[in-house]
Structures are given as structure tokens and as C-alpha cells.
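Structure assessment
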Amino acid sequence: MFKEIFDNVRAAAPLVHNITNYVTVNDCANVLLACGASPIMADDIDEAADITKICGALNINIGTLSQNTIPSMFAAGKASNELSHPLILDPVGAGASALRTNTAKKLIEELEVSVIRGNISEIKALALGAGGAKGVDADVLDLLTEETLENAVSFTKRFAKEKNTVVAVTGAIDIVTDGETAYTIRNGNANMGKITGTGCMLSSLVAAFAAANREKLLESAAAAVIAMGLAGEQGFARLGERDGNAAFRQYIIDAVYNMNGEILDAGAKYERV
Amino acid sequence: MFKEIFDNVRAAAPLVHNITNYVTVNDCANVLLACGASPIMADDIDEAADITKICGALNINIGTLSQNTIPSMFAAGKASNELSHPLILDPVGAGASALRTNTAKKLIEELEVSVIRGNISEIKALALGAGGAKGVDADVLDLLTEETLENAVSFTKRFAKEKNTVVAVTGAIDIVTDGETAYTIRNGNANMGKITGTGCMLSSLVAAFAAANREKLLESAAAAVIAMGLAGEQGFARLGERDGNAAFRQYIIDAVYNMNGEILDAGAKYERV
Amino acid sequence: MFKEIFDNVRAAAPLVHNITNYVTVNDCANVLLACGASPIMADDIDEAADITKICGALNINIGTLSQNTIPSMFAAGKASNELSHPLILDPVGAGASALRTNTAKKLIEELEVSVIRGNISEIKALALGAGGAKGVDADVLDLLTEETLENAVSFTKRFAKEKNTVVAVTGAIDIVTDGETAYTIRNGNANMGKITGTGCMLSSLVAAFAAANREKLLESAAAAVIAMGLAGEQGFARLGERDGNAAFRQYIIDAVYNMNGEILDAGAKYERV
């Protein structure tokens, strides 16, 4: 099923507008190119809405939030909503500071967000108003395991329903849900957390996948999560003795570059619950 | 002929001031070091002109334009002009938003730009006031081919003459002209478009080459275009089965690192028209 | 001795707040993950102090200084001082512009800086009020050699004593001193200067090492300098014929990823003077 989703990305080559952080922005651009999309980054208030209008999706990432870019997020978000473009929010570090938590919440309140993609600590900070975030990483107490999975699925479904959006929670097990249906995904590799930007790259992929499959937001988000996880598995398998997280980062982007719908379907490990 | 141009870069090790975007800035810094130059990035209005004064060239790239950095571009540009330093402009995404098109035009109007380096859509947006830019990539309708080459050369020559500058248009075939003489260059590899930043890196190289060869702006720009294209060919030849755009990016910078004037001359594919 | 210092980093996994430049920020994040720490980047005045409070150390790097981030540096620095967190300053390009020199001096004056990490030109600019900095690289006249080492050690000790801080001067030979004791370190490889960000990455490592070893600032800084130098040696040894500075950068981060206390101690080349 996810085959078509990915093939549509390569066929449509959507242009994706990213208002994102300066830490992982280069990786986001390269992973978008790797999956067949085109990136454009633009965060100035004088062009943010204009750029959104020529794109197929908008990806807002609050990883290095600033006074200058917050208004651009809202302006671009409104333009995106007017055109019914998919709008992806990555609430990086929500729970780590009031600025991050409050800005993410306000974005969800004032904009129609199509997909929220974060780790469980970030999603909890948005849902419960308090977070155990360890900076931009999930708190160890929040880790998704087989034991906590059922509760986490229920929690994520409720949050998705309440916010009327698709929610993709990534961790040891990933959950993607629109509030009704949920996918639990077991692709990926624990060492991906040792690379900066795997979450940010995934959010960019979600934007590209959604841009090319507008009527299938849930499946697009799930397909992107699977693609990133599978790339992580393939990249990890490729690591040599002296390789570390820098090589791993490169292998993951390269795995996305060499992926297609068929490979994605063959490697996908998910359940529909 | 281009041998000396490159050898001069390694001999002079010019310091290049970059006011550039935060997407590809790390690659620009590393490619400058790879060719033998030294990078410095500084975009605050309180130091932009000061930094320009200690450098050998200024590279202005509008890839992530902002209210904060636009005044710095003009301030540094004026300081650069006063010292008769080479000033390179990369009008990233001109045509994609009014802010980009208008800022690039104003920079060309108010500053003496030595070299404009862009794709054909960007150059058309500056020349004709309307662009078919697909974000930061050239529109498919604009692609330079053997069929459209003659027209494109004439068009680029006219634009260079009118603006009294060297223009380097890069694509499947590259054109570098000062309005009188033009080089058509057939180095490069189509997959370079699958990496973010090959254009930005090239503009940084043009700045370094021009800094070390001030009296030969046209040849410096042509040599940099050839060097980048040749690095793309060499990098592409090195790609393994599981490599993708992330590996390709690294191989290109490494190819520049291992290049010298002799290699450049041996691999150059150009005509003077 | 340095074994425990490094092992403590992996055991404590400290969260490090970086207010840093956008050129090398991705490498800083990845090298922090490589050594076992976690990075967070946050430079907006509305969250800088909040983020510092949840972290174990603060790393201030002035590589792309701006009006927006200078107040955040002071705000985060004060919050860091109140909590007695280690505060690391990397005065990138001090001496290259008045803005950089003056900001770095003011940071040292108004904050209690635990470790200053720079090249000899930058440190001279701060100590003597005038610099021979070649942009962000040390001036060739300032290069640390066996001949100039004794003078350089005395000079660095005096500066450290005067500023009541640890000073780590890196170059062909590195000097780390608290004003009383000094380590001279001969790890590293001259080609590290051909990669952007080895200095910035080192400063991030110093912050991580100090966060996990609060009572041993001098030894933490020395251990980080040795670790980075050793990673440079190991990375250099791994370079193939077609590799250049881009591969070297990756190999260095990967070497840190694969390092542990034992490897560090075995490879350390230092004297206590």
C-alpha cells in the first residue's frame, strides 16, 4: 500500500517549504532531494507566505525558534491553510522551554495542522501541558516500549482526535494515527538517536509525502515514518568498524536516495490497530 | 590557461567573506578550504563592512534572505566596492518571491557586482522581470540544451553587457560571459542537482578564484565553473552502489580538495564563443 | 588520568546548551552526540536562560555573532553562572572585527567564564587588545612551534590567571592552563585546519567534558583537547587517496564516536609543565 505513496513523491517531485532550524537544515534539504522532492527554505516575514504559495507543502520546525521567524510561521501557515496545503509541525523541544511549548500550542490552535511529528515527550508536553523533555530528546521515562505501547496508542489517538490532526510519535516503536486508525511501526534502529536531525529529516519527508498524496495524510505520514526507519536499518547495516554517527547520517540519506516504493513495501514492519 | 588561475588560489590562499544562507553554509566553508582559500561568514550590520575589508572577495548569496542581513549585504558590498574587491552575487531563488527578485535587482543596481552566478531561471528573473523559477531550482522549461544554447548565449551576453558584469549561468551546459567573450562549458553531471548547495559552493569558489586573480574575472569565473563541474564528474565516478546524494556531496568537496591546476586543465571541456 | 574524565561523559550524558554559529552547528551537535552528550541549540532571548537551566553546561561561540544573539549570550551566561554551571567561550574571529573583539571581552568581563578555547591569534586579541587574526584562522606569525612554546605557555598562564579562568589555546601544539598548571599537548594533525569547525567542535566537547566533571575544569579541558587531537590523528590515518577535507571531517566525528577513556589515555601525548 505504501508503494504508491512513495512512487507518487518521485513522480510529483513536490516543492516543500521549510521554516526550520539552522542545526539540521542541510540534512533536511538533502533528504528531501533524496526522496525525489525539492526543498526551499525561507523564513523572512516578507516572503514566507509568498514562498508557501508556490510550494506543495509547508514544514514548520521549531528547533531554533526566534522572534524573527515566529511571525513567519504563522503567516506561512495561514497561506498554506488557505490553499489547503498539507502543513506539518515538528515541535522540537516542546516542554524544554515555555517559548517552545507555547509557540507549538499556539501554532496548533491558530492553524490547521495536518500532521504533528514529534517524540513522545514533545507530544506529552503539548497534550498535558508539562513535559519531561530532556532538551530535544525524549525523556527516558517516556520511552515507548511493548509494555507502554497500548497506553501510548490510546493517548496519541485521543490527542489526534482532539486536535483534529494526524499525529506521528516516533521512538523505539512509532505510532501514527488520525484519531481513528493507528499504525504501529517497528522499523528503525536505536542508534538513530545518536545522529542529530533524524527527527527533523523525517518531518521534512512527511511534508513531501503528504504534498504528493494530499488525500492520504495518515498513510503519507506512516509511509514517511517507515521510509525513515527503513533507511535507518539499511544505514546501520552498512556501518563499518570505524564508522560512527557521521557515517550513519550519510548512509541514511543515501538509503532514502536509493529507495523506491517497492523497497519500502518489502521492508515495512507495521500493524494497523 | 585555467591552470594558473587555480594555482594562484592555492598560492594566495585568499580570505573570502560570505554573507550567505544557513542551508549550505557549511559546505561553502569546506569547499573554500578545499580549494585553498579561507572562509569567513559574518552577516551582522555591526561587522559586515569591517570583515569585508580584511578579505580578498565578498560572496553575497540570498538563499535565506532576511531583514537582518539585507542591510549587511549593502554595507559589505559598498566596502567591497570601495576597495575594488571582487563581489560575487548568487541570486538564489530570484523569481520565487518578490523579496528575492527585488533584493537581487537592487543589489545589482546599487553595487558594482563583479560576477553574477545563477541558474537560467534566476538570471531570467533578473533580466526579464519575471521568472519561471521552481523554488531554488531552474524551471524545466528553462533547461539549457544544445538546441537552446545559441539563444541562451546571446541572451546572457546581452544581460552581462547591460549590467557591466560577468555572468555565469549554470545548467546542463554552462555559460560564462563578460558580454563580449563567452565560454560554454560542458563539465558537470546532471545528478549534481540532487545535492543541495552545488550552486552555492560554486559561487564561493568563484569568489576565491576571483580574489586570487583580480584582473581576470571572466577567466576566474570560468575556471571555477569548470572546477566544480569536474569535481562533479569525479565525484560521480566514485559513487558506489549504495551511495546517494549525501556521499556525492562529500566526494565533490573531496575532489576539489585533491584538484590542482594541472588536473583542471586536463579535464576542462569548454569552448570560447 | 583522562580516562575517568571521558568515561564520566558517557556515564552522565550531559545536556549541553550551545549558542553558536550557523556554519558549524551541525558538526557541533553531532560531535556532542558522538562523545555521549546531548546537544541543544537555543539563541532566542525568550528562551536562552530557560534552556541553560535544564542543561549541564553552556557553550558560547561567537562565530556568526548577531544583534539578536548577543543579548541571549549574556542572559544565558548569567543563568549559567547562577547555577555554577561550566561556561565555555569560543571567541571565534576575535581580532578580525571590533564587534567580535569587544563582545568577547565584554563576555569575559561580565560573566564568569570557566574555559576560553581559541587559537593563539584570538587569545592574543583578547589579551593584548590587538590581533593578527586572519579571519577565523590563526595568523601565520602566531603559529605555536617548539621555539615559541615557552613564551606562549607563560603568556597563556598570565592571561588565565588574570582572567581567573582556564584557557585552552589550540594550534600545532596545544596549551591548556588554569594559570598555575599547564598541559602542553601534541596530539592532532595539521590538516585539521583544512576542515571548518574543528575548533568549534572542540569547544562543544570541552563543554560536555566540563559538565560531567565539574570539579576538574582544567583536566576536562585538557582531556577534550586530547580527544579532539587524537580523533584528528585517527581520522587522518583513515584517509584514502581520493578523500579530502569532507571525508576527514566525517572520520573525526566517527573517531570520537568510537573513542572511550581507555583509547584516550593510550593515545594522549602531553606534558604537565
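Please refer to the structure higher up on the page.
Here's what I pulled together on the structure shown here. Remember, predicted model here, so these are calculated numbers, not experimental data. (Residues numbered from 1 in each chain as written. Chains lettered and ligands numbered in written order. Predicted model: local features only at pLDDT ≥ 70, side-chain atom pairs only at ≥ 80, totals over all residues.)

1. Examining the environment of A:Glu146
By the element assignment, A:Glu146 lies in helix H7 (residues 146-163). With 27 residues separating them in the primary sequence, A:Glu146 and A:Ile173 have C-alpha atoms 8.0 Å apart. (Helix = DSSP H or I, 4+ residues; strand = E, 2+ residues; numbered from the N terminus.)

2. Some points on the pairing of strand E5 (residues 115-119) of chain A
Residue and element names in this part refer to chain A. E5 sits mainly inside the fold: five of its five residues count as buried. Side-chain alternation along E5 places Val115, Arg117 and Asn119 on one buried face and Ile116 and Gly118 on a second face that is also buried. Sheet analysis places E5 next to strand E6 (residues 166-170), joined by five bridges and oriented parallel. For Arg117, the partnering residue across the bridge sits in E6 and is Ala168. (Buried ≥ 20, exposed ≤ 12 C-beta atoms within 10 Å, placed from the backbone. Pairing = 2+ DSSP bridges.)

3. Topic: the sheet that holds strand E4 (residues 87-90) of chain B
Residues and elements named next belong to chain B. Taken together, nine strands build an open sheet; the order of strands is E2-E1-E3-E4-E5-E6-E7-E8-E9 and the sheet is mixed. Where the open sheet ends on each side, the last strands, each with one partner, are strand E2 (38-41) and strand E9 (270-272). This sheet shows a mean twist of 20° between the axes of neighbouring strands, independent of strand direction. Note that strand E7 (residues 174-177) and strand E8 (residues 182-185) share four bridges and pair antiparallel. (Axes fitted to C-alpha atoms, helices over the stretch in contact; angles between N-to-C directions.)

4. A short note on the interface of chain B and chain C
Facing 27 residues of chain B, the contacting portion of chain C comprises 29 residues. Every element with two or more residues in the side of chain B that touches chain C is listed here: helix H2 (25-35), E2, helix H3 (48-53) and helix H10 (245-257) of chain B. Among the residues forming the side of chain B that touches chain C, the class breakdown is 14 nonpolar, six polar and seven charged. (Contact = placed C-beta atoms within 7 Å. Nonpolar A, V, L, I, M, F, W, Y, C, P; charged D, E, K, R; others polar.)

5. Things to note about the sheet that holds strand E6 (residues 166-170) of chain C
All names here are of chain C. Pairing is mixed across the open sheet formed by nine strands, whose spatial order is E2-E1-E3-E4-E5-E6-E7-E8-E9. In this open sheet, the two edge strands, each paired with only one partner strand, are strand E2 (38-41) and strand E9 (270-272). Mean inter-strand twist for the sheet, computed between neighbouring axes without regard to direction, equals 20°. Docked against the sheet, helix H2 (residues 25-35) engages strand E1 (15-19) and E2, running at close to 150° with respect to E2.

6. Some points on the relation of the copies chain B and chain A
After a rotation of 120° and a shift along the axis of 0.0 Å, chain B superposes on chain A with an RMSD of 0.0 Å. Here the copies are linked by what is in effect a three-fold axis. Considering only C-alpha atoms, the part of chain B nearest the rotation axis is B:Tyr22, at 3.6 Å. An asymmetric contact is evident, with only 14% of the interface residues of chain B recurring at the interface of chain A. (Least-squares fit on C-alpha atoms with pLDDT ≥ 70 in both.)

7. Quick look at the interface of chain B and chain A
Chain B puts 29 residues into the contact, and the matching count from chain A is 27 residues. Going through the elements one at a time, helix H5 (98-110) and H10 of chain B are the ones with two or more residues in the side of chain B that touches chain A. The element contributing the most residues to the side of chain B that touches chain A is H10(B), with four residues. Partitioning the side of chain B that touches chain A into residue classes produces ten nonpolar, 13 polar and six charged.

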